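Okay, here's what each chain looks like letter by letter:
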Amino acid sequence: MRDRLAVKARGPLITKAGLRGIAARIVPPVVVLAGFLLLWEVLCSSPTAGLPPPSRVVTDAWDIIADPFFDNGGTDKGLFWHITASLQRVALGFSLAVIAGVLLGTLVGQSEWAMRGLDPIFQVLRTIPPLAWLPLSLAAFRDGQPSAIFVIFITSIWPIIINTAVGIRNIPQDYRNVSAVIRLNPIEFFYKIMLPSAAPYIFTGLRIGVGLSWLAIVAAEMLIGGVGIGFFIWDAWNSSHISEIIVALVYVGLIGFVLDRVVAGLGVLVTRGTSAA
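What counts, and where the lines are drawn
- Residues numbered from 1 in each chain as written.
- Predicted model: local features only at pLDDT ≥ 70, side-chain atom pairs only at ≥ 80, totals over all residues.
- Heavy atoms only, no water.
- UniProt positions renumbered as here; feature names shortened; annotations may be inferred.
- Helix = DSSP H or I, 4+ residues; strand = E, 2+ residues; numbered from the N terminus.
- Polar contact = N/O pair within 3.5 Å; in protein donor to acceptor, adjacent residues only side chain to side chain.
- Core = buried A, V, L, I, M, F, W, Y, C linked by side-chain atoms within 4.5 Å.
- Buried < 20%, exposed > 50% of the residue type's maximum accessible area, 1.4 Å probe, protein only.
- Contact = heavy atoms within 4.5 Å.
- Axes fitted to C-alpha atoms, helices over the stretch in contact; angles between N-to-C directions.
- Left-handed = near helix turned anticlockwise from the far one by under 90°.
- Nonpolar A, V, L, I, M, F, W, Y, C, P; charged D, E, K, R; others polar.
- Salt bridge = Lys/Arg side-chain N within 4 Å of Asp/Glu carboxyl O.
- Parallel < 35°, antiparallel > 145°, perpendicular 65-115°, else oblique.

Per an unreviewed UniProt entry, the protein is named Nitrate/nitrite transport system permease protein, and its organism is Methylorubrum rhodinum. In its Sequence similarities (unreviewed entry) section, UniProt records this for the protein: "Belongs to the binding-protein-dependent transport system permease family." Per its UniProt entry, the protein bears the Function (unreviewed entry) comment "Probably part of an ABC transporter complex. Probably responsible for the translocation of the substrate across the membrane."

Written out as structure tokens, the structure reads:
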């Protein structure tokens, strides 16, 4: 009897206010997307239009949309395999950038001497476009795979270094005083004080870095060839398959959005809500 009363007291799981909140999040982007597709259909329906309308994109590229898992050997693969290959490169290059970026950012943020010595160099190197590093990496590694990973690494490391350094420099002095009182050694200070305090800044850098990683790999794969979403787009261009390019770009955008949300979600989890989602 008490259980039934408790269920009634809690009320319905779905309320009108909850439904209105869900509708407020879903309806605006759906309306905007529908309007964009309609405008696109109208503007590109002419036979002289340079781009195909959405209806023709679906028709022309239906094979790769309906079956993204086919594998005929070589580079003749479905979008799933191209995206998987790109994500593997991003995972490796970005992971290396996270490790090196957090360590270097900690050094720059903690040491005044290191900041004066390294920060100007970092500020110059971070302005170099990602693809400008590719010829140098190909000359050094003489192989496309490590060259692409290096481009991801060198592109995504700078926001991680800069944001980590800012977070370290903004650690409250009270925290440093407490660590001195309880006599934390440098390793304990790093894990117990530095990382938790700077975590919101670090995850801001990680979100920027993962977005740059995804941009860099798509561009790099257009030049190094092999299996990857960048190569797929370039190969479709060489074959004049504009509809396939558009479908691939939709996948690129969705994957980039998912990567950003994953890093943002990890940031909220690790920082217990102090990092913006």
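## Focus: the side chain of Glu 221
Structurally, the position occupied by Glu 221 is in helix H10 (residues 186-224). Of note is the side chain of Glu 221, whose polar atom sits 2.9 Å from the backbone nitrogen of Gly 230.

## Topic: the nonpolar core
Formed by 49 residues in total, the largest nonpolar core has its most connected members in Leu 79, Leu 206, Trp 214, Ile 217, Val 218, Ile 229 and Ile 233. For this core, the secondary-structure elements that each account for two or more residues are helix H5 (79-110), helix H8 (144-169), H10, helix H11 (229-238) and helix H12 (242-271). Of all the elements, H10 adds the most residues to this core, at twelve residues. Sequence-distant contacts of Trp 214, that is, excluding residues within four places in its chain, are made with Ser 86, Leu 87, Val 90, Ile 229, Val 252, Ile 255, Gly 256 and Leu 259.

## Re the UniProt feature "transmembrane region" (unreviewed entry) in the protein
Summarizing the sequence annotation, UniProt attributes the feature "transmembrane region" (unreviewed entry) to residues 21-40, 90-109, 121-141, 147-168, 214-234 and 246-270 in the numbering used throughout. Strand forms 0% of residues 121-141 and helix 62%; the C-alpha atoms that close the span are 23 Å apart. Taken end to end, residues 246-270 is 100% helix and 0% strand, and its first and last C-alpha atoms sit 36 Å apart.

## Some thoughts on the packing of helix H6 (residues 112-125) against H8
At a minimum axis separation of 10 Å, H6 and H8 run at an interaxial angle of 145°. Of the two elements, H6 crosses H8, and the hand of that crossing is left-handed. Of the residues in H8, those touching H6 at Met 115, Phe 122, Gln 123 and Leu 125 are Trp 158, Ile 161, Ile 162 and Arg 169. Class assignment of the residues belonging to the contact of H6 with H8 gives a composition of six nonpolar, one polar and one charged.

## Comments concerning unusual backbone geometry
Despite not being glycine, Arg 142 has its phi angle at roughly 55°, a positive value. Position of Arg 142 among the secondary structure elements: in the loop between helix H7 (134-141) and H8. One non-glycine residue, Ser 240, lies in positive phi territory at about 60°. Here Ser 240 shows up in the loop between H11 and H12.

## Here's the deal with the environment of Gly 35
By the element assignment, Gly 35 lies in helix H2 (residues 16-43). Looking at Gly 35, the relative accessible area reads 37%, which means it is partly exposed. Spatially, the C-alpha atom of Gly 35 lies 36 Å from that of Pro 159, the residues being 124 residues apart in sequence.

## Details of the UniProt feature "domain: ABC transmembrane type-1" (unreviewed entry) in the protein
Mapped onto this numbering, the UniProt entry annotates "domain: ABC transmembrane type-1" (unreviewed entry) at residues 83-263. The span residues 83-263 shows a helical share of 86% and a strand share of 0%, and its end C-alpha atoms are spaced 18 Å apart.

## Side note on the pattern of salt bridges
Inspection of the entire model under this criterion finds six salt bridges. The residue Asp 71 makes a salt bridge to Lys 77 at a minimum N-O spacing of 2.9 Å. With a relative accessible area of 43%, Asp 71 lands in the partly exposed category. Taking relative accessible area as the criterion, Lys 77 reaches 17% and is therefore assigned buried. In this structure, Arg 261 engages Asp 260 in a salt bridge whose closest nitrogen and oxygen atoms are separated by 3.3 Å. What you see here is one network of salt bridges that share partners, running through Arg 207, Asp 260 and Arg 261.

## A short note on the packing of H10 against H11
It is the contact of H10 with H11, at a shortest axis distance of 6 Å, that shows an interaxial angle of 50°. Judged by the inter-axis angle, H10 sits oblique to H11. For the element pair H10 and H11, the recorded crossing hand is right-handed. Residues Trp 214, Val 218, Glu 221 and Met 222 of H10 lie in contact with H11, whose contacting residues are Ile 229, Gly 230, Phe 231, Ile 233 and Trp 234. Class assignment of the residues belonging to the contact of H10 with H11 gives a composition of seven nonpolar, one polar and one charged.

## So, H11
Within H11, the full set of buried residues consists of Ile 229, Gly 230, Phe 231, Phe 232, Ile 233 and Ala 236. Elements that come into contact with the buried residues of H11 comprise helix H4 (62-66), H5, H10 and H12. Looking one or two places after H11, you find Ser 240, whose phi comes out positive at around 60°.

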